[in-house]
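Reading the structure
So you can see what is in the structure, the chains are spelled out below.
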Amino acid sequence: NIEVIDLNKLGSQYSLRFNVLHKPFDNPKIRQAALYALNQKDFLLAAIADPKYYKECKALFICGTPLATDKGFEDKLNSDFARSKEILKQEGYDGTPVVLLFATDTNTGRLTPIVKSLLERGGFVVDMQAMDWQTVLSRRARKEPLNAGGWSAFMTSWVSADLLDPIMSAFVGAACDKAAVGWPCDARIEELRGAFAKTTDPARRKELADAVQLRVSEYPTHAHLGQFNIPVARRKTVTGNLE
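These lines cover the structure that appears in this document, whether it is placed above or below.

**Let's talk about unusual backbone geometry**
The phi torsion of most residues other than glycine is negative, and most of the peptide bonds are trans. Residues K23 and P24 are joined by a peptide bond in cis, for which omega reads 0 degrees. Relative to the assigned elements, P24 resides in the loop between β2 (12-18) and α1 (28-37).

**Quick notes on the state of the cysteines**
Applying the stated criterion across every chain, the model contains 2 disulfides. Between the sulfur atoms of C57 and its disulfide mate C63 the distance is 2.2 Å. Judged by the sign of its S-S torsion, about 100 degrees, the bond between C57 and C63 is right-handed. By relative accessible area, which is 2% here, C57 ends up buried. By relative accessible area, which is 16% here, C63 ends up buried. Across a sulfur-sulfur distance of 1.9 Å, C176 and C185 are joined as a disulfide pair. Classification of the bridge connecting C176 and C185 rests on its S-S torsion, roughly 60 degrees, and on that basis the disulfide is right-handed. With a relative accessible area of 28%, C176 lands in the partly exposed category. Going through the chain in sequence order and numbering each bonded cysteine, the pairs you get are 1-2, 3-4.

**What to know about the packing of aromatic side chains**
Taken as a whole and judged by the stated rule, the model has 8 aromatic pairs. Grouping aromatic residues by their ring pairs yields a cluster made of F18, F25, Y93 and F124. Lying across the ring of Y219, R31 places its NZ or CZ 4.5 Å from the centre. Just above the ring of Y36 sits the side chain of R83; from NZ or CZ to the centre is 5.4 Å.

**Details of the pattern of salt bridges**
Tallying each qualifying case throughout the model produces 15 salt bridges. E120 is paired through a salt bridge with K116; the nearest N and O atoms lie 2.7 Å apart. A residue pair is termed a helical-turn pair when its members lie 3 or 4 positions apart in one helix, as E120 and K116 do in helix α4 (residues 112-121) at 4 residues. By relative accessible area, which is 24% here, K116 ends up partly exposed. Residue D210 is joined to K206 by a salt bridge in which the shortest nitrogen-to-oxygen separation is 2.8 Å. Residue D210 and its partner K206 are both found in helix α7 (residues 202-218); the two are separated by 4 residues, about one turn of the helix. A relative accessible area of 11% places D210 in the buried class. By sharing partners, the salt bridges in this structure join K71, K206 and D210 into a single network.

**Re the layout of surface pockets**
In this structure, the largest pocket spans a volume of roughly 180 Å³. Considering the residues around the largest pocket, the lining is formed by S12, Y14, A47, I48, N107, T108, R110, S157, W158, V159, F228 and I230. Looking at the lining of the largest pocket, the elements that each hand over two or more residues are β2 and β6 (153-159). Here the element with the most residues in the lining of the largest pocket is β6; it accounts for 3 residues. Class assignment of the residues belonging to the lining of the largest pocket gives a composition of 7 nonpolar, 4 polar and 1 charged.

**Focus on the sheet that holds strand β5 (residues 126-131)**
Spatial strand order, β3-β7-β2-β6-β4-β5: 6 strands in an open sheet with mixed pairing. What marks the edges here is a single partner per strand, and that holds for β3 (54-55) and β5. Taken together, the 2 bridges between β3 and strand β7 (residues 222-228) define a ladder with antiparallel strand orientation. Each residue of the ladder has a partner; that of K55, found in β7, is Q227.

**Side note on the environment of W183**
Counting through the fold element by element, W183 comes out in the loop between β6 and α6 (187-198). Since its relative accessible area comes to 6%, W183 is described here as buried. Separated by 170 residues in the primary sequence, W183 and Q13 have C-alpha atoms spaced 20 Å apart. Not counting chain neighbours up to four residues away, the residues in contact with W183 comprise R17, N19, V20, L21, R140, A141, R142, K143, W151, C176 and D177.

Procedures and definitions
- Residues numbered from 1 in each chain as written.
- Predicted model: local features only at pLDDT ≥ 70, side-chain atom pairs only at ≥ 80, totals over all residues.
- Heavy atoms only, no water.
- Helix = DSSP H or I, 4+ residues; strand = E, 2+ residues; numbered from the N terminus.
- Disulfide = S-S within 2.5 Å.
- Buried < 20%, exposed > 50% of the residue type's maximum accessible area, 1.4 Å probe, protein only.
- Phe/Tyr/Trp six-rings, centres within 6.5 Å; stacked < 30°, edge-to-face > 60°.
- Lys NZ or Arg CZ within 6 Å of the ring centre and 35° of its normal.
- Salt bridge = Lys/Arg side-chain N within 4 Å of Asp/Glu carboxyl O.
- 1 Å grid on protein atoms, 1.4 Å probe; cavity = no way out; pocket = protein on both sides within 12 Å on 5 of 7 lines; lining within 4 Å.
- Points joined across faces, edges and corners; volume = space filled by probe spheres on them.
- Nonpolar A, V, L, I, M, F, W, Y, C, P; charged D, E, K, R; others polar.
- Pairing = 2+ DSSP bridges.
- Contact = heavy atoms within 4.5 Å.

Such coordinate-based values are descriptive only and should not be taken to indicate function.
Here it is in structure tokens:
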């Protein structure tokens, strides 16, 4: 008398958030190199395993929605380690370690060693520091340099309902000190988001969302690392759950 059902059809999305204040991720080209080094499938296999409940999806604003597109990411998130190393060489990467916050007590945080492995194969030096999620929350609010308690990146996830357009998606915002932790600062992203907020025309909204995603591929604010669903078990006599 138990059934397994999915009440959240759009699922959730894994994210690696960059801190743009300090080397090496103060350089958007080096953040692009990280996008080339990473891929989605490794995270989805490690965390979910069953293909029925995950999807490789390069759409910032969630596959299966009107604003979904691969634009800007066609060649990224494929673990092209050679391209990652090429960019690092071009940008004069000096081996400054990526200080990677590793939350050992959350399902998403436990995927962080995959980030370390992929970035290292792409030519980065990585200093992965293990801690609980509460410590990650306190560390990620700090703007100090890396050698004074700062950080470069951390793993998290978002429910897709929070990511459906450029306004809702907190990690897309690039309003400098007013942005979410990581503090991306890009006038073009903010200009496009402002225009999106002011139009009600569906065709124009799609055009602007595509432009935002393209700009995020040039000025990465975070890496989106796959879409996944989490089913629930429910007794068959229970009805009326909200989807």
